[in-house]
Each structure stands twice: as structure tokens, then as C-alpha cells.
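# Structure assessment
One-letter residues, chain by chain:
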Amino acid sequence: MQAEIIAVGTEILMGQITNTNGAYMAKQLAALGIASYHQQVVGDNAQRLADAISLAEKRSDIVILIGGLGPTPDDLTKQTLASHLNLPLVEDADAMAKLTARVKQQQRPMTPNNKLQAMYPQGADVLVNRVGLAVGAWIKQKQHAYVLLPGPPKEFVPMVDHELLPHLAKYSGHHEVLVSRVMRFFGIGESQLVTDLGDLIAKQTNPTLATYIKDHEVTIRVTASGKTQTDADAKLEPVIGTIMDREGRYFYGYGDDNSLVKELVKALAATDKQITAAESLTAGEFQAALGDVPGVSSYFKGGFVTYSLATKAAFLNIDARELAAHGVVSEFTAKAMAEHARQRAAADIAVSFTGVAGPDTLEGQPAGTVWIGLARLGQAPIAQVYHFPGSRNDVRKRAVMTGMMMALRSLRD
């Protein structure tokens, strides 16, 4: 049995985004023993997409189309495949209800192009989108199976894992249960992680390990097959235990749609602690990330953005002469910002950020030099200096995530 992947999107052809979905899909096919000898990338053009589908049919049993399911005029994948198969598009009631609720929440009218997201080729099995709005589909017609999947990775990965893999396993005759666990790591690069786990990766059979680079972090997907879920879980646990023994200091949580900030809020809830922050170079990004997590208001009442020495002194009640003597980019300032923010917000824990995001130097310190402070109720504040590479935005993003990891470790200790 052979499968062919067709990635749809002019932005892929133009090199504006990388086709990470194709690589992810290929690894899942390999885990099921489904051969994949060809991949195609097609722009947002109905005729060229139809030609690509016809070509795939000549050499593959399963045709997997990724992307182009959204509401914009260049999202043509669903319509093109339906036309190719002479199938009308019909509405999925659950998806339409979800879409209607979203439109109502945003207080905007429902447009015809939006409704396309809740439609699928008649006779197909709907693949539920757990994150977004555009449904996917599994279509069996004569000697071929066809798959429609969304392009955004945050929607694509959960749909593959939870909706598509059972169809593929059954269709390919792979009757065992597949169980995957996604482990998320921050503070270590993919190359180092692969080196540290080289023996596990080299000897992998069942379970299998696959590493992926995310936004300044790395994930490992550990997948096992077994006669039952209990059997598969039993195969997973020893491998996960070995990974944790070696890399546990960088591990922060499980799950495709998890994140450092979500884990931090979970830890705040578990310990019933209040958090605050004092931000200089990050200009409120840490606090904005906290604010994106539902329910955080129970554990985060507010914080401070203090760019200049004057605002650091005024907002946080730090001695201006001491600040001037030590400078912005200093251990003293990071500690003072964290502790004074904690006191003024009456919080249990506080994180501070000060340094040089770039592109210019500051106080003789190169761009990327960042001090991050941490203060806990009843403990002396601490601070750590980092030298982050990359652009100004990269430095700020890495700083925010590092501050989250510091706070998370402190709450878990």
C-alpha cells in the first residue's frame, strides 16, 4: 500500500513557509508501514491541483491533501477534490454550530465563504478539527482513499493523531493500537537532544522516537503499538522513563497543544500562588502571554512595565541612586525589580527582565545580554544572566520563555 502527500499552498512554493506538515505526515505513514514514495507541492490553483491529484492516483492508493481548507478565495482544496470525484459538498452540523458560535462571539456576520469551512464531500467521514474551524475528511471511492487536512500545524497535528491515524491503520490492515505521547522540552537544542538520546533513536523499533523543532523549543513524539492500549502504554513507559532520566531538567509537559505558559498557570493553580512581573526589554510580553490563558486572573492580578531607570525607580520603589550605580543590565537591577514587584503586587512569586534586546549595545553589553530575576515570598531573590542569539524579537521571545521556565521550576521544587 502506498500513500502520496500533496501539500497545497503558494506560500510553500515561494519559500515563505516550510512544509513541516509533509515531514510529520511521512513519519506517521512510516510508523504504520505505509510506503510513501512521492510528495508534491502545488500552489493555490484548481487546475494544477486537479492534475496533481490525477498523477497521485496513478501511483498511490491513498492521496493525502494538506492545506487550502480555509475561507479565503485561494483555499480551493476541498472544492477541487469534490469536483474531481463528482461529489457535492454538504454541511457538517457540529462544525457549523461551532462556526456559528464563533461568528456570534466576534459579533460579525456569517459570510458564504466562511460556511465552506464546515462543509465536506458527501459520503466522506468527517475528521473533526479540535482546534480550528475547517473540518477534514476521509473519502473512500473505488480503489482509492482521499484525505483532506488543514494546513495550520496546530490544527493539522491533532487531526492527524486523533482523527486520521485510526482510519489509516484500519485501511492498511494495521490492527494494533497506536499510542503516542508528546514530550515538550525548553532550554536544549534539537541537535543536543538527539545526541543525548542517540542510542535510543538508533535502536528504535517499537516504540519509535521523532524529534521536532518548535518555536524556541523541542518536542519528542514517542509512539508505540500494541494489541491493546494497555499493552502500548507498557511499551511507552520505560522509554519515557529513560528520556526523563537524561533530559528531565529541560522537560516541562506533555501534549501537542501544550505550552510553557499553560504549564506555568497549571502550576500556579496547583500551588495556589499569585504571580507578578516587572519587565523592561520584554515590554509586557510575559504578562501578555499569561493573559492569554483562561482562568489566569485567579493567579495574576497585574504587574509592571518599566523601561527606563526612572520608571523602575518610580513604579517599583527602587532607590534611584542604586539603580544608576549598577545600571540597567545588571544582577542588582534584575533582583531588585523582581523583589520590589513581588512586594508591591503582594504576590508569592515574581519574574523580572532587564537587558539588551538589540540591535545596539547598552552600557557596554552586547545585544542579547539579558538578566532574569526571580523572587519568592520568604526567600532571597536570585538572578541569572543569559546571552541569547538572534534578532531583537528572538531575544525577547527567548527571554520570556526562559522566565516562564524559571518560575515553573521554582513552583515545582
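Data block above holds the structure.
In this report, the structure presented in the accompanying data block is examined. Bear in mind that the values here come from a model prediction, so they are computed numbers and not experimental data. (Residues numbered from 1 in each chain as written. Predicted model: local features only at pLDDT ≥ 70, side-chain atom pairs only at ≥ 80, totals over all residues. Heavy atoms only, no water.)

Read across the sheet, 5 strands follow the order 14-13-15-16-17 without closing on themselves; strand pairing throughout is mixed. The strands lining the two open edges of the sheet, one partner per strand, are strand 14 (304–305) and strand 17 (382–387). As paired strands, strand 13 (residues 275–279) and strand 14 are joined by 2 bridges and run parallel to one another. Within strand 14, the residue paired with Glu-279 across the bridge is Val-305. (Pairing = 2+ DSSP bridges. Helix = DSSP H or I, 4+ residues; strand = E, 2+ residues; numbered from the N terminus.)

With 13 residues, helix 5 (residues 93–105) ought to run about 18 Å at 1.5 Å a step, and its terminal C-alpha atoms sit 18 Å apart, in line with that. Among all positions of helix 5, only Ala-95, Met-96, Leu-99 and Val-103 are buried. Each buried residue of helix 5 lies within a common arc of 95° when the element is viewed along its axis, so the set occupies one face. The exposed set on the far side of helix 5, more than 90 degrees from its buried face, consists of Ala-93, Asp-94, Lys-104 and Gln-105. Residue Gln-107 follows helix 5 closely and has a positive phi angle near 55°. (Expected span 1.5 Å × (residues − 1). Buried < 20%, exposed > 50% of the residue type's maximum accessible area, 1.4 Å probe, protein only. Arc of directions from axis to C-beta.)

Before going further, it helps to spend a moment on the packing of helix 3 (residues 46–59) against helix 4 (residues 77–84). Axis separation between helix 3 and helix 4 bottoms out at 10 Å; the angle between their running directions is 55°. In this view, helix 3 runs oblique relative to helix 4, as classed from their interaxial angle. For the element pair helix 3 and helix 4, the recorded crossing hand is right-handed. Residues Ala-46, Leu-49, Ala-50, Ile-53, Ser-54 and Glu-57 of helix 3 form the contact with helix 4, whose participating residues are Thr-77, Thr-80, Leu-81 and His-84. Class assignment of the residues belonging to the contact of helix 3 with helix 4 gives a composition of 5 nonpolar, 4 polar and 1 charged. (Axes fitted to C-alpha atoms, helices over the stretch in contact; angles between N-to-C directions. Parallel < 35°, antiparallel > 145°, perpendicular 65-115°, else oblique. Left-handed = near helix turned anticlockwise from the far one by under 90°. Contact = heavy atoms within 4.5 Å. Nonpolar A, V, L, I, M, F, W, Y, C, P; charged D, E, K, R; others polar.)

This part covers unusual backbone geometry. That bond from Asn-206 to Pro-207 is cis: its omega, 15°, falls within 30 degrees of zero. Take Pro-207: it is sitting in the loop between helix 9 (198–202) and strand 10 (208–213). Cis geometry marks the peptide bond from Gly-358 to Pro-359; its omega dihedral reads 5°. Tracing the backbone through its elements, the reader meets Pro-359 in the loop between strand 15 (349–355) and strand 16 (369–376). Located in the positive-phi region is Gln-107, a residue other than glycine, with phi close to 55°. With respect to the helices and strands, the residue Gln-107 is situated in the loop between helix 5 and helix 6 (112–115). Among the residues examined, Gln-107 registers a relative accessible area of 74% and is labelled exposed. Even without being a glycine, Glu-363 presents a positive backbone phi close to 55°. Tracing the backbone shows Glu-363 in the loop between strand 15 and strand 16.

Overall, antiparallel pairing links the 4 strands, which are arranged 10-11-9-12 in an open sheet. One side of each edge strand has no neighbouring strand; the edge strands of this open sheet are strand 10 and strand 12 (251–254). Taking each pair of neighbouring strands and ignoring which way they run, the sheet shows an average axis angle of 25°.

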